[in-house]
Amino acid sequence: MPAPATGRPLLDVRRLWAEPAALASPRGQQVRGRFPGAEVVEVESHWGIPGLHGNAGNVERWVRVKTEDLVLGVKKSLAARPNGRSADFIAPSTANGCAMACAYCYVPRRKGYANPVTVFTNIDDITGYLARHIRRQGPKPEPNQCDPSAWVYDLGENSDCSVDALVSDNVADLVALFREEPGAKASFATKYVNRGLLDLDPRGRTRIRFSVMPPADAKQLDLRTTPVPQRIAAVDDFVAAGYEVHLNLSPVVLRGGWLHDWAELLTHIDDVLSPAAKAQAAAEVILLTHNEDLHEVNLGWHPRAERVLWRPDLQERKRSENGAVNVRYDRANKGRAVQAVRDLVARHAPWLPIRYAF
C-alpha cells in the first residue's frame, strides 16, 4: 500500500475482523484477496468488537490499529439523510473509519478510539438504494449552494473515499453509478491523493473536495495524510480526468500567525492551478470543531496537537446536529475569523467562490 509522508505504509493489514456474511460476499472475498496474509477473525457484528472498539488501551496503539486492522461488515440501515450544506443528501456509508490519523477528526468517536476502516460489503444493496432515491427526486427545482442543477450526495461521511478505494471497489462502483445519473452528483472530501481514481471515468458526475490547510498546521494535525502541496498539485490531474474538483479550506485553526500562513497558502494555490481548474473550482470554509472526549484521547497519543486544538479561551460548547456536545470557536471569534478568510480569498484567489462558510 502507498505510504504517507512518514514513510510507514498506510495499510499493512495483519487482522481482518469479519462478520461471516460479509466475508462470504463477493466484495468481502475481494478484500480478503487484497490482504491474503491477514489473520481472519470472525465476529458477530462490526460494532463493538471486544479488544478493538471502545478499548482505551488502544490509545497507545493508535496508529498501529489503523495500519494493521481492517473490519468487514454488512450495512444494515440504508438512508439518505437531508443535509443542505456541502450536499443535498448524506448517502449511506460504504465504509466507516480511516487509516489516516487527523488529530481533530470526529470519526473515532463513532466506534471508540482508533477506529480502523470498516468496509461494508453489501455494495449492491447500497448502490441500488441510491439509484432509487436519485430517481425519486426528479429534476432539481432550483439552484442552491450545493449545486445549480444536480442533487448532490455526500459519500464517505465517516471515512475517506480515497483511502477506501485502496481496500475495495466500493468507491469505483459509486463513481460508476453517478456517471449514469445526469441529475445527480457524488461528492466527497479527501486528504489523500489516490491516483488510481484517475482511471474511473467520472464524466463530471463526481466532485472531489481536496481539504487544504497551511502546511505548518497539516504537519502537526493531519497525520498520515498526503502533504498539502501534493494535494494541490493533484487538482489539475483530477480535473483533466473528468472530476469536478473543489477545495475545502478546512479546518481553519486559530493560532499565532494563522492569517499570514493562510495568505501564503492561497497565493500558492493561485500560482499553481491551471485556468481550467480555476474555472470550475469552488470552496467551503470550515472552522475547527473539537470535542472534549477526543481531547482526552489525544492527550494519550498526540498531546502536542492539543496545544492548538484545545483553546478554552476562544471556544464554547455547542450541541451538533447529531446530538454530540462539541467545542467550537465562540460566536465573536468565529464571526471575525470567517470574515477574515473571506477577505483573504477575495484578495489572493478572487476566482474562488465560497459555497458556504461556518
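Structure report, in brief.

Quick notes on the rules
Residues numbered from 1 in each chain as written. Predicted model: local features only at pLDDT ≥ 70, side-chain atom pairs only at ≥ 80, totals over all residues. Heavy atoms only, no water. Helix = DSSP H or I, 4+ residues; strand = E, 2+ residues; numbered from the N terminus. Rg over C-alpha atoms; globule rule 2.2 N^0.38 Å. Buried < 20%, exposed > 50% of the residue type's maximum accessible area, 1.4 Å probe, protein only. Contact = heavy atoms within 4.5 Å. Areas by Shrake-Rupley, 256 points an atom, 1.4 Å probe, with all protein chains shown as cover. Lys, Arg positive; Asp, Glu negative; His and termini not counted. Charge placed at Lys NZ, Arg CZ, Asp CG, Glu CD. Core = buried A, V, L, I, M, F, W, Y, C linked by side-chain atoms within 4.5 Å. Pairing = 2+ DSSP bridges. Phe/Tyr/Trp six-rings, centres within 6.5 Å; stacked < 30°, edge-to-face > 60°. Lys NZ or Arg CZ within 6 Å of the ring centre and 35° of its normal. Polar contact = N/O pair within 3.5 Å; in protein donor to acceptor, adjacent residues only side chain to side chain.

1. Topic: the overall build of the protein
Argument step 1. Along the protein, the regular secondary structure elements total 14 helices and 18 strands.
Argument step 2. The C-alpha radius of gyration computed for the protein amounts to 20 Å, which stays within 12% of the reference 21 Å derived for 358 residues, consistent with globular compactness.
Argument step 3. Its C-alpha atoms put the protein at 55 × 50 × 35 Å along the principal axes.
Argument step 4. Counting over 358 residues, the protein shows a buried share of 58%.
Argument step 5. Sequence separation of 24 or more characterises 74% of the internal contacts of the protein that already satisfy a separation of 6 or more.
Argument step 6. Surface accessibility of the protein: about 14700 Å² in total, with carbon and sulfur atoms responsible for 51%.
Argument step 7. Charged side chains of the protein number 46 positive and 42 negative; the gap between the two group centres comes to 2 Å.

2. With respect to the nonpolar core
Argument step 1. Within the largest apolar cluster, 74 residues are counted, with the highest numbers of intra-cluster contacts made by Y153, F178, L197, F210, F238 and L249.
Argument step 2. With residues near it in sequence (within four places) discarded, L197 still touches S162, A165, V171, F188, I208, F238 and Y243.
Argument step 3. Within the second largest apolar cluster, 22 residues are counted, among which are L16, L23, F35 and L72.

3. Focus on the sheet that holds strand β17 (residues 325-329)
Argument step 1. Strand order in the open sheet formed by three strands is β15-β17-β16, and the pairing between neighbours is antiparallel. Of all strands in the sheet, those bounded by a partner on one side alone are β15 (289-290) and β16 (315-319).
Argument step 2. Inspection of the sheet shows β15 paired to β17 by two bridges, in the antiparallel sense. Opposite H290, over in β17, you have V327 as the bridge partner.

4. Brief notes about the packing of aromatic side chains
Two measures describe an aromatic ring pair: the distance that separates the ring centres and the angle between the ring planes.
Argument step 1. Per the counting criterion, the structure on display carries seven aromatic pairs.
Argument step 2. Look at F89 and W151: their rings are 5.9 Å apart centre to centre, the planes differ by 45 degrees, and that puts the pair in the tilted class. Remark: W151 occurs in strand β9 (residues 151-154) and F89 occurs in strand β5 (residues 89-90); sequence separation between them is 62 residues. For the pair F89 and W151, one class covers both residues: buried.
Argument step 3. Counting every residue linked through ring pairs, the aromatic cluster contains F89, W151, Y153 and F178.
Argument step 4. For the cation-ring pair, R85 lies above F358, with the distance from its terminal atom to the ring centre recorded as 3.9 Å.

5. Some thoughts on the side chain of R209
Argument step 1. If you trace the backbone, R209 turns up in strand β11 (residues 206-212).
Argument step 2. Classification of R209 as buried rests on a relative accessible area of 6%.
Argument step 3. Among the polar contacts made by the side chain of R209, one reaches the side chain of S187 at a distance of 2.8 Å.
Argument step 4. The residues contacting R209, other than those within four sequence positions of it, are S86, D154, S187, F188, A189, T190, H246, N248, E284 and R355.

6. Let's talk about the environment of T226
Argument step 1. Structurally, the position occupied by T226 is in the loop between β12 (222-223) and α9 (228-240).
Argument step 2. Among the residues examined, T226 registers a relative accessible area of 7% and is labelled buried.
Argument step 3. Linking T226 and K191, residues 35 residues apart in sequence, is a C-alpha distance of 6.2 Å.

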